[in-house]
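Structure assessment
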Amino acid sequence: MTTLGAVFRPQLPPERLRGMARAADAAGLEELWLWEDCFLESGIATAAAALAWTERLCVGVGLLPVPLRNAALASMEAATLLRLFPGRITLALGHGVQDWMGQVGARVESPVTLLREHLLAMRALLGGERLTVEGRYVKLDGVALDWPPAVAPPVLAGALGPKSLRLSGEAADGTVLDASVPADGVRRARKLIDEGRAAGGRTGPHPVVVYLHTATGPGSADRLRGELAGSRAESVPELGVAGDAGAVAEAVQRLVDAGADTVVLQPTADEPDPEGFVRFVAEKVRPLVP
C-alpha cells in the first residue's frame, strides 16, 4: 500500500505547526513531513513538537543538512526522538544547499564524501555499535550511544544527482527525491539507486519518498504555475498537479508506478488553507490511492 503524506512548509511561521499537526492527526493523515531549510526552521525542534502534540501521526524530516551537524550529536538527537516516539519518526540526511552551507561557513570540498561518512556513522550508532572512525570529515573515538533506539531505524538520504543517488543506494536505507522529479525521473533514480545497492552489496527494501507539487481548490492551476515559475522545474513536463482529489490521486499513482513507495504532497507556498490541505490529503485523496 502506498504511503501518503503532506508537507508543513517552513515558509509558515513555527507557531502554525501545532494547528496543522493536530489537523493532520485528527484527519488520519499518515505522515507529516518537515524541512530544515536555511534559515527558516529547525527539523529536530519542529519534529519533537509535532510528535508531542499528536497521538498517532508519523513525522518525517526531509532533510537534515549534514554540514550543520556533528554525526554523534545528530545520532543523539535521532535516538532521543526514536525512544520518545517509537515508530513515528523518519529522518533523512542530505549534503545541503551549497550556497547556504557557504553562508554559515560549513561548506566542504566534497559534499558527497561528507554525506557518506555521516550516513555510515549514524546507521552504526543508531544500530547500537561503538564506533571509532577517522574519516575525512567524521572523526569518532570509541563513541556509542547510551540510549540507542530499541530497533535500528532506517536512515534515508536526500539525493538528486547521479553520484548522490548511487551513494544513497550504497550507504542509506532509503531515498528522498524532491518535487522537481517527475515520474520518468523516479525511474531513472531507481536505476541509479539500484546500481549503488549492487556496488555496496545491499539487500532488502530501499523505500523511495517523492514530493509532489500539489494545488487544489479555487485558483489551483494559477498557484501551481506561480510555484514553478522561474525555477528549473518550470519546463519539466507532467511536474506537479492542480485539481480535485481524483486528479491528485492520478498524479500520485504515476509516481508510484514509476517506483515511489511514499508520495508526499507539497502545497504551494501561498496555500491559503494549510490545515484544510492536510484534511484534503487524508480525507479526499487517501481513499483513491491503493
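Residues numbered from 1 in each chain as written. Predicted model: local features only at pLDDT ≥ 70, side-chain atom pairs only at ≥ 80, totals over all residues. Heavy atoms only, no water.

**Structural notes on the pairing of strand E6 (residues 139-143)**
Inspection of the sheet shows strand E5 (residues 131-134) paired to E6 by three bridges, in the antiparallel sense. Pairing of Val133 across the sheet is with Leu140, part of E6. The turn linking E5 back onto E6 is made up of four residues. (Pairing = 2+ DSSP bridges. Helix = DSSP H or I, 4+ residues; strand = E, 2+ residues; numbered from the N terminus.)

**So, the pairing of strand E11 (residues 262-267)**
Burial analysis of E11 places six of its six residues in the buried class, which makes it a mostly covered element. Neither face of E11 is exposed, since Thr262, Val264 and Gln266 on one face and Val263, Leu265 and Pro267 on the opposite face are all buried. Summarising the sheet, strand E1 (residues 3-8) and E11 pair through four bridges and their orientation is parallel. Among the inter-strand pairings, Ala6 is bridged to a residue of E11, identified as Leu265. (Buried < 20%, exposed > 50% of the residue type's maximum accessible area, 1.4 Å probe, protein only.)

**A look at unusual backbone geometry**
Between Cys38 and the following residue, Phe39, the backbone shows a cis peptide bond with an omega angle of -5°. Within the fold, Phe39 resides in the loop between strand E2 (31-34) and helix H2 (43-53). Cis geometry marks the peptide bond from Gly62 to Leu63, where omega comes out at 20°. Here Leu63 is to be found in strand E3 (residues 58-65). Located in the positive-phi region is Glu238, a residue other than glycine, with phi close to 55°. If you trace the backbone, Glu238 turns up in the loop between helix H8 (220-228) and strand E10 (241-242). Judged by its relative accessible area of 61%, Glu238 is exposed.

**Describing the packing of aromatic side chains**
Aromatic rings considered in pairs are described by the distance between their centres and by the relative angle of their planes. Throughout the structure, instances matching the rule amount to three aromatic pairs. Aromatic pair Phe277 and Phe280: ring centres 6.5 Å apart, planes at 45°, arrangement tilted. Of the two residues, Phe277 and Phe280 are both situated in helix H10 (residues 274-285); the distance of three residues between them amounts to about one turn of the helix. Phe280 matches Phe277 in its accessibility class, with the two residues each being buried. Among the aromatic residues, those joined into a ring-pair cluster are Trp33, Trp35 and Tyr211. (Phe/Tyr/Trp six-rings, centres within 6.5 Å; stacked < 30°, edge-to-face > 60°.)

**Section: the pattern of salt bridges**
Taken as a whole and judged by the stated rule, the model has 19 salt bridges. Put simply, Arg16 and Glu275 hold a salt bridge, and the shortest N to O gap is 3.2 Å. Of this pair, Arg16 sits in the loop between E1 and helix H1 (17-27) while Glu275 sits in helix H10, placing them 259 residues apart in sequence. With a shortest N-O distance of 2.9 Å, Glu195 and Lys191 are connected by a salt bridge. With Glu195 and Lys191 both in helix H7 (residues 183-200) and four residues apart, this pair spans about one turn of that helix. Residue class for Glu195 comes out partly exposed when judged on its relative accessible area of 31%. Through salt bridges that share partners, Glu36, Arg69 and Glu77 make up one connected network. (Salt bridge = Lys/Arg side-chain N within 4 Å of Asp/Glu carboxyl O.)

**Considering the environment of Val133**
Relative to the helices and strands, Val133 is located in strand E5. Classification of Val133 by relative accessible area gives partly exposed; the value is 26%. Setting aside chain neighbours within four positions, we find Val133 in contact with Val138, Lys139 and Leu140. (Contact = heavy atoms within 4.5 Å.)

**With respect to the side chain of His213**
For His213, the location among the structural elements is in strand E9 (residues 208-215). With near-sequence residues (within four places) excluded, His213 lies in contact with Ala179, Leu224, Glu227, Leu228, Leu239, Gly240, Val241 and Gln266.

**Focus: the nonpolar core**
Within the largest apolar cluster, 82 residues are counted, with the highest numbers of intra-cluster contacts made by Leu29, Leu32, Ile89, Val252 and Val263. If we skip the residues at most four places from it in the chain, Val263 touches Thr3, Leu4, Gly5, Val210, Leu212, Val252, Leu255 and Val256. Membership of the second largest hydrophobic core comes to ten residues, among which are Val7, Trp35, Ala92 and Val176. (Core = buried A, V, L, I, M, F, W, Y, C linked by side-chain atoms within 4.5 Å.)

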